[in-house]
Amino acid sequence: MTCIAKIYFERDEEGRGARPPIFQIIRTEFQSFSDLLDAIEADENIRGQKLFTRRAEAENTMEVVRVQPTYFRGVSVMRAYLPEWVYVDTTASHPCREGA
């Protein structure tokens with residue numbers, strides 16, 4: 001089992017005309033969201049996969065069409081949430097391929 005989280009790496013900008021911060025959907029190796037938050041608070045190095053998605057026909061469902069390996073430090077995370085969607089992986093494999 002893996003934990004998928006909605007992670008913000010930028011601060012909220014205050015003032016008129018500021019755009020909302022951009023988030024990334026990241027699948028991690030943690031067993032729970034609580035474990036992920038503990039790693040973020042401890043400023044651990046975190047490995048995962050950034051998920052590129054599109055809306056599926058089913059309500060509240062996103063299809064994963066591509067993944068990209070990612071690595072970040074806990075201190076770089078501004079906010080983290082559990083996503084409100086269900087993710088269905090349509091990729092042939094999880095590409096943390098050696099040499100890719």
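No experiment lies behind these values; they were computed from the predicted model shown.

## Re the overall build of the protein
No. 1: Counting secondary structure elements, the protein contains one helix and six strands.
No. 2: Counting across all 100 residues of the protein, residues that qualify as buried make up 31%.
No. 3: Contacts spanning at least 24 positions in sequence make up 58% of the contacts within the protein whose residues lie at least 6 apart.
No. 4: Looking at the protein as shown, the accessible area adds up to about 7000 Å², and 47% of this sits on carbon and sulfur atoms.

## Some points on the side chain of Thr28
No. 1: With respect to the helices and strands, the residue Thr28 is situated in strand E2 (residues 23-28).
No. 2: Classification of Thr28 as buried rests on a relative accessible area of 0%.
No. 3: At 3.4 Å, the side chain of Thr28 forms a polar contact with the backbone nitrogen of Phe30.
No. 4: When residues no more than four places from it in sequence are discounted, the contact partners of Thr28 are Thr2, Cys3, Leu36, Ile46, Arg47 and Gly48.

## Some remarks on a negative patch on the surface
No. 1: On the surface, a cluster of negative charge is contributed by Asp35, Asp38, Glu41 and Glu44.
No. 2: As for its position among the elements, Asp38 is in helix H1 (residues 33-41).
No. 3: The partly exposed category is assigned to Asp38, whose relative accessible area is 44%.

## Some points on the pattern of salt bridges
No. 1: As enumerated under the stated definition, the model contains four salt bridges in all.
No. 2: Of the charged contacts in the structure, one is a salt bridge between Arg27 and Asp89, with a shortest N-O distance of 3.2 Å. On the criterion of sequence distance, the pair formed by Arg27 in strand E2 and Asp89 in strand E6 (residues 86-89) is long-range, its members being 62 residues apart.
No. 3: Assessed through its relative accessible area of 10%, Arg27 is described here as buried.

## A closer look at the sheet that holds strand E4 (residues 61-73)
No. 1: The mixed open sheet is built from six strands, whose spatial order is E5-E1-E2-E3-E4-E6. Lying at the two open borders of the sheet, with one neighbouring strand each, are strand E5 (79-81) and E6. Each neighbouring strand pair of the sheet contributes to a mean axis angle of 45 degrees, computed without reference to strand direction.
No. 2: Relative to E6, E4 runs parallel, the two sharing four bridges. Bridging from a neighbouring strand, Glu63 pairs with Val88 of E6.

Parameters and conventions
- Residues numbered from 1 in each chain as written.
- Predicted model: local features only at pLDDT ≥ 70, side-chain atom pairs only at ≥ 80, totals over all residues.
- Heavy atoms only, no water.
- Helix = DSSP H or I, 4+ residues; strand = E, 2+ residues; numbered from the N terminus.
- Buried < 20%, exposed > 50% of the residue type's maximum accessible area, 1.4 Å probe, protein only.
- Contact = heavy atoms within 4.5 Å.
- Areas by Shrake-Rupley, 256 points an atom, 1.4 Å probe, with all protein chains shown as cover.
- Polar contact = N/O pair within 3.5 Å; in protein donor to acceptor, adjacent residues only side chain to side chain.
- Patch = residues over 30% accessible without salt bridge, like charges linked within 9 Å, V, L, I, M, F, W, Y side chains within 5 Å.
- Salt bridge = Lys/Arg side-chain N within 4 Å of Asp/Glu carboxyl O.
- Lys, Arg positive; Asp, Glu negative; His and termini not counted.
- Charge placed at Lys NZ, Arg CZ, Asp CG, Glu CD.
- Pairing = 2+ DSSP bridges.
- Axes fitted to C-alpha atoms, helices over the stretch in contact; angles between N-to-C directions.

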